[in-house]
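Observations on the model geometry
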Amino acid sequence: MSLRWKIALAMAAIVSVATVALGAASYQSARDRLLAEVDESLVEVQRAILDRRLGPDTQLPERGPLSELAAQIVGRDGEVRQTTFPEPIEVELDELALIGRAGASTFRTVDTSEGEYRVRSIGLQSRLVQVGRPLAETNRVLAALRNRTLLLVAFVALGAMLAGLWIANRVTASLRRLTTAAERVETTGSLDVRVHERGDDEVGRLSAAFDRMLDALARSREQQRRLVQDAGHELRTPLTSLRTNLDTLRRFPDLSADQRDAIVADLHAETEELTTLVDEVVTAASGESSDEPARSFDLAVVALELAARFERRFERRIDVRVEPSSVVGQRSGVARAISCLLDNACKFDTTGGPIEVVVRDGVVSVSDRGPGIPEGEHDRVFERFHRSDEARAMPGSGLGLSIVREVARRHGGDAFAVDRDGGGATVGFRLPSASG
């Protein structure tokens, strides 16, 4: 069952129950009022009977066709002496107990062959007089009221259901458009679908969130497409070099030992570069996300450990100036960012001079004396696979600095790149301090 019909039926049910409850209360109130009127008329008859003080030989008048009242005289033994009811009414014990209590009386409703009677039993000194009034007219009024109430309930329920359908159509129109858009995305895989539903209610906010989600998915798909294209382009160069060297070894088995060693060294270097490139592509594709919990750690300690490692790997001096700098985040991700900075500086700085690392107040900066950053490309160096004309002949994938910026932004910071006085560049990132 659709949501529209659920809303319509729910409204019809709620309104019907309310109408039935109101009708039942009105019916009961009307019934009580009509019976009270009948009872009041019988009270008047009781006064007349008490005033006449009926004797043992008093004869009840015959009930004429226009008379609404019927009467019955009952002796102490419970035997009906006289009656003008359609048939004698059976006397109950509490009514016999009224004999000898002049003026005491009770009410009850009795079924006869001619219909219901409202009967008032009046106690006298030696007998019981029962006076009744037919309820046929009262019952006709109540039946008409009951039928009208049921008819009203039916019309109100139908009206409530129609109103519910109209309201449900208005309310669920946005949801239907949202469902259609989601089904189109599922069927076609296209992310160019938009709901364009605006409003301050829950449906409007849901539709706006759906549009934003599709925008985010479209951006993510585009980034993945670019990553695959760029990665394929970057992987082609080391693979081509590997294939060329392998073809040389296969076609020229008589190479000298020095030539063979040179080719093997090239193969090893290309393999290392290919391994690094694959690692960086995987890191860029995954966004360096991991299940590692964020915790507080000292940037200075991480920088010192990595600087010592890169000194051994590249066999060059790395000067480190650090101050205790506590941050909160994923330690492995931040270490990866610092590694990318050090690797970038060591590859681009061919002077053999020291690399300088400074850590202070949540900021990590790595300075080198390399070719520097061309004018206008200080922001572009953080784009995936971007490499300046001067850097294309050098090893690398163009992913390292994009990883640095991704890690920094994921931790609430950002990356930066500036020219260094005297030549070279200073590249780094800043993170929010754990102390605030």
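These numbers come from a predicted model, not from an experiment.

A word on the overall build of the chain
Across its full length, the chain carries eight helices and 12 strands. Within the chain, the proportion of its 436 residues that are buried is 38%. For the chain, the accessible area works out to roughly 25200 Å², and carbon and sulfur atoms hold 53% of it.

Examining the sheet that holds strand S7 (residues 318-322)
Strand order in this open sheet of five strands is S7-S9-S10-S12-S11, and the pairing throughout is mixed. Two strands close off the open sheet at either side, each with one partner strand: S7 and strand S11 (414-419). Each strand of the sheet is rotated relative to its neighbour by a mean of 15°, with strand direction disregarded. Here S7 runs beside strand S9 (residues 355-360); their pairing, made up of five bridges, is parallel. Considered in S9, the bridge of valine 322 is made with valine 359. Against the sheet, helix H8 (residues 400-410) engages S11 and strand S12 (425-430), with an angle of about 135° to S11.

Focus on the sheet that holds strand S4 (residues 115-123)
Within the open sheet, the five strands sit side by side as S2-S1-S5-S4-S3. Their pairing is antiparallel. Two strands bound the open sheet, and with one partner strand each, they are strand S2 (80-83) and strand S3 (105-112). Geometrically, the sheet is characterised by an average inter-axis angle of 20° between neighbouring strands, direction not taken into account.

A few points about empty space enclosed by the protein
For the structure shown, the criterion picks out two cavities of 30 Å³ or more. Reported here for the second largest cavity is a volume of approximately 40 Å³. If you trace the second largest cavity, you find it lined by Leu341, Asn344, Ala345, Val366, Asp368, Leu401 and Val427. For the lining of the second largest cavity, the elements supplying multiple residues, two or more each, are helix H7 (331-348) and strand S10 (363-368). Partitioning the lining of the second largest cavity into residue classes produces five nonpolar, one polar and one charged.

A look at the nonpolar core
Within the largest apolar cluster, 37 residues are counted, with the highest numbers of intra-cluster contacts made by Ile338 and Phe429. The dominant element in this core, judged by the number of residues it contributes, is H7, at nine residues. Ignoring any residue separated from it by four or fewer positions in sequence, one finds isoleucine 338 in contact with Leu299, Val302, Ala303, Leu306, Val364 and Phe429. Counting 10 residues, the second-largest nonpolar core is a separate cluster that includes Leu42, Val45, Ile73 and Val129.

Some details on the pattern of salt bridges
This structure, assessed with the given rule, holds 14 salt bridges. Note that arginine 316 and aspartate 349 form a salt bridge whose closest N and O atoms lie 3.5 Å from each other. Placement of arginine 316 in the loop between helix H6 (299-314) and S7 and of aspartate 349 in the loop between H7 and S9 is noted, with a sequence separation of 33 residues between them. Connected via shared salt-bridge partners are Glu92, Glu95 and Arg108.

Let's talk about the pairing of S12
The buried count for S12 comes to five of six residues, which makes it a mostly enclosed element. In the sheet, S10 pairs with S12 via six bridges, with the strands oriented antiparallel. Bridge pairing in S12 places valine 364 opposite phenylalanine 429. In this sheet, S12 lies alongside S11 in antiparallel orientation, the contact comprising six bridges.

Quick look at the packing of H7 against H8
In contact at an axis separation of 9 Å, H7 and H8 are set at 150° when each is read in the N-to-C sense. Relative to H8, the element H7 is oriented roughly antiparallel. Taken as a pair, H7 and H8 cross one another with a handedness that is left-handed. The residues of H8 that touch H7, namely those facing Gly333, Val334, Arg336, Ala337, Cys340, Leu341 and Asn344, are Gly400, Leu401, Ile403, Val404 and Val407. Here the residues of the contact of H7 with H8 sort into eight nonpolar, three polar and one charged.

Here's the deal with a nonpolar patch on the surface
On the surface, Trp166, Ile167 and Val171 cluster together into a nonpolar patch covering about 300 Å² of accessible area. The topology assignment puts valine 171 in helix H3 (residues 136-188).

Side note on the packing of aromatic side chains
Throughout the structure, instances matching the rule amount to two aromatic pairs. When the centroid spacing of 5.8 Å and the interplanar angle of 10° are considered together, the rings of phenylalanine 310 and phenylalanine 314 count as stacked. Within this pair, phenylalanine 310 and its partner phenylalanine 314 are both found in helix H6, separated by four residues, close to a single helical turn. Taking relative accessible area as the criterion, phenylalanine 310 reaches 2% and is therefore assigned buried.

Quick notes on the packing of H6 against H7
Here H6 crosses H7 at 40°, and the two axes come no closer than 10 Å. Put simply, H6 runs oblique to H7. Note that H6 runs across H7; the crossing there is right-handed. Here H6 contributes Leu299, Val301, Val302, Ala303, Glu305, Leu306, Ala307, Phe310 and Phe314 to the contact with H7, which in turn contributes Arg331, Val334, Ala335, Ile338, Ser339, Leu342, Asp343 and Cys346. Across the contact of H6 with H7, the residue classes break down as 13 nonpolar, one polar and three charged.

With respect to the side chain of threonine 426
Within the secondary structure, threonine 426 is located in strand S12. For threonine 426, the side chain forms a polar contact with the side chain of serine 367, separated by 2.8 Å.

Describing unusual backbone geometry
Phi is positive for glutamate 315, which is not a glycine, with a value near 55°. Structurally, glutamate 315 can be placed in the loop between H6 and S7. Classification of glutamate 315 as exposed rests on a relative accessible area of 73%. Phi at aspartate 361 is positive, roughly 50°, even though this residue is not glycine. You can see aspartate 361 is positioned in the loop between S9 and S10.

Cut-offs used in this document
- The residue numbers shown here count from 1 along each chain, following its written sequence.
- Only residues with pLDDT of at least 70 are given local features in this predicted model, and only at 80 or more are side-chain atom pairs given and counted; all residues enter the totals for whole chains, interfaces and linings.
- Note that the side-chain values use all heavy atoms of the structure and ignore hydrogens as well as water.
- Strands here are runs of E lasting at least two residues and helices are runs of H or I lasting at least four, both read from the DSSP assignment and numbered beginning at the N terminus.
- The cut-offs for exposure are 20% and 50% of the maximum accessible area for each residue type, with area from a 1.4 Å probe on protein chains only; residues under the lower value are buried, those over the upper are exposed, and the others partly exposed.
- Only the protein chains shown count as cover for residues, and all accessible areas are computed by the Shrake-Rupley method using a 1.4 Å probe.
- Two strands are said to pair when DSSP picks up at least two bridges between them.
- Convention adopted: a line fitted to C-alpha atoms gives each axis, helices being fitted over their contacting stretch, and angles between N-to-C directions are expressed from 0 to 180 degrees.
- For this analysis, residues touch if any pair of their heavy atoms sits within 4.5 Å.
- The rule is simple: put a 1 Å grid over the protein atoms alone, call a set of points where a 1.4 Å probe fits but cannot get out a cavity, call an open set with protein on both sides within 12 Å along at least five of seven lines a pocket, and count a residue as lining if it has an atom within 4 Å of a point.
- Grid points are joined across faces, edges and corners, and a volume is the space filled by probe spheres set on the points.
- Side-chain classes follow a simple rule in which Ala, Val, Leu, Ile, Met, Phe, Trp, Tyr, Cys and Pro form the nonpolar group, Asp, Glu, Lys and Arg form the charged group, and the remainder, Gly included, forms the polar group.
- Within this scheme, the nonpolar core is defined by two criteria: the residues are buried Ala, Val, Leu, Ile, Met, Phe, Trp, Tyr or Cys, and they are joined through side-chain atoms within 4.5 Å.
- Salt bridge criterion: a side-chain nitrogen from Lys or Arg within 4 Å of a carboxyl oxygen from Asp or Glu.
- In these notes the angle categories are as follows: under 35 degrees is roughly parallel, over 145 is roughly antiparallel, 65 to 115 is roughly perpendicular, and the rest is oblique.
- Take the far helix as your reference; a near helix turned counterclockwise from it by less than a right angle gives a left-handed crossing, and one turned clockwise gives a right-handed crossing.
- Residues enter a patch when their relative accessible area is above 30% and they make no salt bridge; the linking distance is 9 Å between like charges and 5 Å between nonpolar side chains (Val, Leu, Ile, Met, Phe, Trp, Tyr).
- Each aromatic pair joins two rings of Phe, Tyr and Trp (for Trp, the six-membered one) with centres within 6.5 Å, and gets the label stacked for planes under 30 degrees apart, edge-to-face for over 60, and tilted for any other angle.
- The definition of a polar contact used here is a pair of N or O atoms within 3.5 Å, where within protein one atom must be able to donate a hydrogen and the other to accept one, and adjacent residues in sequence count solely through side-chain atom pairs.

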